[in-house]
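Commentary on secondary and tertiary structure
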Amino acid sequence: MKNSIQNRLLRLKNNRAFELFVVAVIIISALEIGAKTYNLPPFAITLMSFLDVFITLFFLFEITIRFIAEPNKKDFFKSGWNIFDTMVVVISLIPVQDSEMALLARLVRVFRVLRMVSVIPELRILINSLIKAMPQLGYVILLMFIIFYIYAAIGSYLFGSINEVLWGNIAISMLTLFRVMTFEDWTDIQYETMEVYPFSWIFYMTFIFFTAFAFLNMVIGIVVGVMDEEHRKARTEKEPSMTDLKNEIEELKGLVKKLAEKS
């Protein structure tokens with residue numbers, strides 16, 4: 001009886017239509033959170049309250065199905081996404097009105113949108129790729145910070161007297177360089193300094209080359225490389241291993257032998 005219920009829930013959990021319905025509810029939840037930021041008429045507020053109760057109960061139902069359908073219950077909490085989903089669902093059960101934890105409950109409801117990541121495997125691969133790329137990205141970010149620091153010091157010494165608002169000290173200069181790197185009206189900054197230092201364009205061109213072109217391409221290359229590795233692992237997990245194939249062949253041989261003996 002227990003195995004029968006578990007198998008049915010497992011089939012429901014893996015059902016494509018059910019997965020799409022879960023995604024639809026998550027999208028509706030996101031729209032509901034956005035709608036609450038507007039001034040709504042009383043009937044709309046009442047409707048949103050009922051909708052919020054439905055979404056909360058549905059998420060509780062969905063996480064319960066996933067937990068019961070898991071053959072080994074301990075493995076359920078070995079997944080970080082399952083723990084995250086459970087925390088979001090449990091905290092969402094806190095009443096929003098007239099509660100000391102109302103603000104926390106409202107903030108947690110915002111994170112319901114992130115449940116999209118745990119439902120869609122492709123999004124999980126993207127997030128896992130970013131997390132696994134962090135150690136390599138850390139060195140690139142450190143090197144970028146060094147370049148920022150050097151150029152900010154040079155800019156502060158050279159251009160501080162021209163525009164103290166943009167180059168007054170090294171901290172402000174780093175913010176200005178970030179504006180240059182993101183191409184936010186950076187030519188206005190360049191032309192202002194070129195009036196005093198005609199060759200200051202070299203300062204900006206070399207900085208943009210190092211940061212916007214070289215380092216950002218390095219970041220993209222690292223993330224893409226890790227993503228390719230994650231996709232390769234996902235494909236490997238889906239494909240049957242040689243041991244599985246051998247076991248299936250042995251089972252087929254045994255079945256054929258039994259059929260031969262009966263005949």
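See above for the structure.
The following refers to the structure shown.

Moving on, we come to the packing of aromatic side chains. What describes a pair of aromatic rings is the distance from one ring centre to the other and the angle between the planes of the rings. Going through the model one piece at a time under the given rule, you end up with 17 aromatic pairs. A centroid spacing of 6.2 Å and a plane angle of 25° characterise the contact between Phe54 and Phe58, whose relative ring orientation is stacked. With Phe54 and Phe58 both in helix H3 (residues 42–69), this residue pair falls four residues apart, about one helical turn. Among the residues examined, Phe54 registers a relative accessible area of 44% and is labelled partly exposed. On the accessibility criterion, Phe58 (9% relative accessible area) is buried. Plain terms: the ring middles of Tyr151 and Phe207 are 5.3 Å apart, the flat faces sit at 55° to each other, and that makes the pair tilted.

What follows deals with the pattern of salt bridges. What the rule picks out here adds up to two salt bridges. One salt-bridge network, in which partners are shared between bridges, spans Glu62, Arg66 and Asp85.

Look at H3 against helix H5 (residues 80–92): their axes get within 10 Å of each other, and the N-to-C directions meet at 145°. Judged by the sense of rotation from one axis to the other, the crossing of H3 with H5 is left-handed. Together, Thr56, Phe59, Leu60, Ile63 and Arg66 of H3 and Asn82, Asp85, Thr86, Val89 and Ser92 of H5 make up the contact between the two elements. Considered class by class, the residues forming the contact of H3 with H5 number four nonpolar, four polar and two charged.

Now for unusual backbone geometry. Even without a glycine there, the phi angle at Phe183 is positive, about 60°. Examined against the element boundaries, Phe183 turns out to sit in the loop between helix H10 (170–181) and helix H11 (186–194). Look at Asp185: it is not a glycine, yet its phi comes out positive at around 50°. With respect to the helices, strands and loops of the structure, Asp185 is situated in the loop between H10 and H11. Overall, the relative accessible area of 43% leaves Asp185 in the partly exposed class.

Conventions used here
Residues numbered from 1 in each chain as written. Predicted model: local features only at pLDDT ≥ 70, side-chain atom pairs only at ≥ 80, totals over all residues. Heavy atoms only, no water. Phe/Tyr/Trp six-rings, centres within 6.5 Å; stacked < 30°, edge-to-face > 60°. Helix = DSSP H or I, 4+ residues; strand = E, 2+ residues; numbered from the N terminus. Buried < 20%, exposed > 50% of the residue type's maximum accessible area, 1.4 Å probe, protein only. Salt bridge = Lys/Arg side-chain N within 4 Å of Asp/Glu carboxyl O. Axes fitted to C-alpha atoms, helices over the stretch in contact; angles between N-to-C directions. Left-handed = near helix turned anticlockwise from the far one by under 90°. Contact = heavy atoms within 4.5 Å. Nonpolar A, V, L, I, M, F, W, Y, C, P; charged D, E, K, R; others polar.

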